[in-house]
Every structure is written in C-alpha cells, then in structure tokens.
Amino acid sequence: MPSTSLPAHVPLTVAFRGGHPENVHHGSLAVVDAQGRLLASVGDVRAPLFTRSALKPFQAMPLIARAADRLNLDDADVALLCASHSGEPMHVERAASLLARIGASESALACGTHVPFFFGATGRTPEPGARFSRLHHNCSGKHTGMLLLADSLGAPLADYLDPSHPVQQEIARSVGHFTGVPPDQLVRGIDGCSAPNFAVPLLALAHGFARLTLTEPDPVYGDAPLRIARAMSRHPELVSGRGRNDLALMRAGRGDWVSKVGADGVQALASFNRGIGIAAKVSDGQLTPLMVAFVSALEQLGWLDDESRAALASLIPPPLKNAAGIEVGEMRAVLKL
C-alpha cells in the first residue's frame, strides 16, 4: 500500500557559491550484486520510490521472452523497446516499422505527444509550426512493445494501458520477479506517458538490474534478461539520443554497462563483468545533480578510468559563472559510499 512517510534521503550533491553551500540535493543510492547482497549504500534504499523509465527493461521482458524470435526482433529493435529516446528519425522510423509488423499504426499508441527530447539535448529549437506525432514521444518504443505483447497474447490492442489488461498483468509479474516485490505489494502509479508504473526500493531496482547481466538463463524468462541488456548496451543511441546521459554512460562503459534513466531523478546501471547493479534517486528530480552524484559513485567504486572519465565529462557541469563571466560557484558530489 502507498505510504505517506517520507524517505530518509541524505545530501548527495551540493552547489557551492563562494565556497559556501547554497543548494543541497538530497537522495539515495544502492549498490547490489546479482544475488541481492547490498554492497554499499547511502540514504534510504528501502523506501519504495517510483522507478519511472528505469523500469523499461522489465516492461519489455514478457515480450522478448515470448515473441522476440517470432517477430524477428534484432538487437536494435529490442533497444528501442526499452528506450527513452530523443525522437530522432532513427527512433521514429524504427517504432513505425515495429508497429507495422502487427498491422498497427501510430494511432494505436496511447502515450500522447511532446516536443522531442532531441531539441533540448542539443540546444536547438523546432522550426515554427513544426508538428510531432506520437512516434516522437520518448516512450513510443515502450508503448510499441506493449502493443506487440498484446498481439502476441491474443489480447485486444485497445485499453492496453489498463492495469487489468493482460499486457499490464504480464508486466507486473515481470517487475515482481526481478525486483523481488510481489505484484500484489507493488506501489502503483501512472507514468508521464500514461502507462502504469511501480515504486520499489532502490536496492530492489539495483538487484533487478544486476540480474540482467547473468549469463545463465532466468528460470522464468530464459535468455530474455541478458538479451535485453546486451541490446541496450550495443545500441545506446537508440535507447537514448545525442547529448543524453544514457548514451554517455553506456559509451563510457565500452560494452560493460547497461544504463537506464528515469524521469524525476532516477538512474540505474549494471556492469556485465561485475554482476553488480546501481540505482539512485535525487529527491528534487533534477538530472544534473543526479549525474554528478552518479559519476562520483562510479569513481568511488573504482569503475572509472581516464577514457571513461573523458566520456562522462559532459555530464559534469562546469564552474558556475555570472553574467559578467566571473566564476562564482560549482557543483560537487558529497556522498560517501
């Protein structure tokens, strides 16, 4: 059941002005291995927190386990089904192509529309009068996967977001399986794209991500977990987009990391070689302090080298300057694992 108690977050990142703390960004972070052992943490890793788009690998899981081969899904297709994409042509065209495999069109998507993330991530502005379709929505891949799953189940495409629909029942079972939270105990809400979403403890989300890296088949979902994680890691540009954090993180991992951001300050990542997952939440929902804290955690865990640090440099904000160009402050991580 939902709780009104607040998570016991701690300071993760601080913006300093003149060497004095000005803005404090609280949050929590968990590091968990594939056996569920909590290896390191800060803050409250046991309070249920909404996963938002970090949940996408587990939302795609039933489809990949059931119908990936029948639908002839390749790694690039699987990556898009798990994406919070930028609405670039490569994203839009692939989503449309996947829908066409079941004779569906954009009109079947219930995610709504928004200006593609591409513009904000690259500092560009849409042309006057530009119009965008549901395929440009960052969650169109996830919704396409839900429609593909409905078709594979022989269930109606209509109302596929209803929690009682067979698609959402299958997804709840997947989330429960990988996080260890029984489906009837999952805290439920509605995501920004209108799909059901779940709140789970960070340690459960990190454990789920660690389980994606296991080479032995899952007892329920077979090779789908590793297939999903490898597809995402091999095609970060389809999971994310130019100028986006998941693209930077997975490129920094050079094939060893699978990463997924969630709206309002959620980030999850796992290492294939280590079999370890990390999940973090910044309570004010801001991406920049989340990334500062997350990169610091990777550094403290010893996962970074010079090449990966350089790949992640774009995620760390430069010193703060005022309108006259005078350096007046900086943002630093303060978490200690």
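This write-up is about the structure you can find in this document. Bear in mind the structure is a predicted one, so any value in this text is a computation, not a measurement. Sequence order sets the numbering: in each chain, residues are counted from 1 along the sequence as written. Totals for whole chains, interfaces and linings use all residues, but because this is a predicted model, local features are given only for residues with pLDDT of at least 70 and pairs of side-chain atoms are given and counted only at 80 or more. Processing note: side-chain calculations cover all non-hydrogen atoms of the structure and skip hydrogens and water entirely.

## Some details on the nonpolar core
To qualify as a nonpolar core, a set must consist of buried Ala, Val, Leu, Ile, Met, Phe, Trp, Tyr and Cys residues joined through side-chain atoms within 4.5 Å. Classification of residues uses two cut-offs on accessible area relative to the type maximum, computed with a 1.4 Å probe and protein chains only: under 20% is buried, over 50% is exposed, and between them is partly exposed. Ranked by internal contacts, the top residues of the largest apolar core, which has 72 residues, are Phe 58, Met 61, Leu 63, Ile 64, Leu 73, Leu 205 and Ile 228. Each residue touching Met 61, except ones within four places of it in the same chain, is listed here: Ser 174, Phe 178, Leu 212, Tyr 221, Ala 224, Pro 225 and Ile 228. Judged by nonpolar contacts, the second largest core, of 26 residues, contains Trp 257, Ile 278, Ala 280 and Met 291. A contact between two residues is defined here by any heavy atoms of the two lying within 4.5 Å.

## Here's the deal with the pattern of salt bridges
Throughout this description, the term salt bridge denotes a Lys or Arg side-chain nitrogen within 4 Å of a carboxyl oxygen of Asp or Glu. Applying the stated criterion across every chain yields a total of 20 salt bridges. For the salt bridge of Asp 74 with Arg 94, the shortest nitrogen-to-oxygen distance reads 3.7 Å. Pair noted here: Asp 74 is in the loop between helix 1 (56-67) and helix 2 (75-81) and Arg 94 is in helix 3 (residues 89-100), with a separation of 20 residues, a long-range link. A residue is classified by how much of its surface remains accessible, and Asp 74, at 39% relative accessible area, is partly exposed. For Arg 94, a relative accessible area of 26% puts it in the partly exposed group. The closest approach of N and O atoms between Asp 77 and Arg 94, which form a salt bridge, is 2.7 Å. With Asp 77 in helix 2 and Arg 94 in helix 3, this pair connects stretches of sequence that are 17 residues apart. Among the charged side chains, a salt-bridge network with shared partners connects Arg 52, Lys 142, Asp 191 and Asp 264. A run of H or I in DSSP counts as a helix once it spans at least four residues, and a run of E counts as a strand once it spans at least two, with each numbered from the N terminus.

## A few points about the environment of Asn 245
Inspection of the secondary structure puts Asn 245 in helix 10 (residues 245-253). The exposure class of Asn 245 is buried, given its relative accessible area of 5%. Taking the C-alpha atoms as reference points, Asn 245 and Met 232, separated by 13 residues in sequence, lie 14 Å from one another. Other than its neighbours up to four places away in sequence, Asn 245 contacts Ser 240, Val 261, Gln 267, Leu 287, Met 291 and Leu 315. Here a polar contact is recorded for every N or O atom pair within 3.5 Å, except that within protein the pair must consist of a potential hydrogen donor and a potential acceptor, and residues adjacent in sequence are included only if both atoms are side-chain atoms. Among the polar contacts listed, one links the side chain of Asn 245 to the side chain of Gln 267, at a separation of 2.7 Å.

## Points about the packing of aromatic side chains
The criterion for an aromatic pair is that two Phe, Tyr or Trp rings (for Trp, the six-membered ring) have centres within 6.5 Å, with stacked assigned to planes under 30 degrees apart, edge-to-face to planes over 60 apart and tilted to the rest. Following the criterion strictly, the structure yields six aromatic pairs and no others. Measuring from ring centre to ring centre gives 5.4 Å for Phe 118 and Phe 119, while their planes differ by 75 degrees; the resulting arrangement is edge-to-face. Across the pair, exposure class does not vary: Phe 118 and Phe 119 are buried alike. Between the aromatic rings of Trp 257 and Trp 303, the centroid separation amounts to 6.3 Å while the plane-to-plane angle is 40 degrees, which identifies the pairing as tilted.

## Some words on the side chain of Asp 191
Structurally, the position occupied by Asp 191 is in the loop between strand 5 (187-190) and strand 6 (196-200). By relative accessible area, Asp 191 is classed as buried at 9%. In this structure the side chain of Asp 191 is engaged in a polar contact, spanning 3.5 Å, whose partner is the side chain of Asn 197. When sequence neighbours within four positions are dropped, the list of residues in contact with Asp 191 reads Arg 52, Ser 53, Lys 142 and Asn 197.

## Some details on unusual backbone geometry
Located in the positive-phi region is Ser 194, a residue other than glycine, with phi close to 80 degrees. Take Ser 194: it is sitting in the loop between strand 5 and strand 6. Overall, the relative accessible area of 37% leaves Ser 194 in the partly exposed class.

## A few points about the sheet that holds strand 6
Pairing between two strands requires that DSSP report at least two bridges joining them. With respect to topology, three strands assemble into an open sheet ordered 4-6-5, the strand pairing being antiparallel. At either end of the open sheet lies a strand with only one pairing partner, and these are strand 4 (49-50) and strand 5. Here two bridges tie strand 4 to strand 6, and the two strands are oriented antiparallel to one another. Residue pairing across strands places Phe 50 opposite Ala 199, the latter belonging to strand 6. To define axes, lines are fitted to C-alpha atoms, for helices over the stretch in contact only, and angles between the resulting N-to-C directions are given on a 0 to 180 degree scale. Contacts from helix 6 (residues 166-179) reach strand 5 and strand 6 within the one sheet, and its direction differs from that of strand 6 by about 15 degrees.

## What about helix 5 (residues 140-153)?
An ideal rise of 1.5 Å per residue puts 20 Å on 14 residues; helix 5 measures up with 20 Å between its terminal C-alpha atoms. Extensive coverage of helix 5 is indicated by the burial of twelve of its 14 residues. Taken residue by residue, helix 5 has Ser 140, Gly 141, Lys 142, His 143, Thr 144, Gly 145, Met 146, Leu 147, Leu 148, Leu 149, Ala 150 and Ser 152 as its buried positions. Buried positions along helix 5 lie against helix 1, helix 2, helix 3 and helix 6. Trailing helix 5 by a residue or two, Gly 154 shows a phi angle of about 70 degrees, which is positive. Here, expected helix span is obtained from the residue count minus one, scaled by 1.5 Å.

By themselves, these are just geometric observations and shouldn't be taken as functional.
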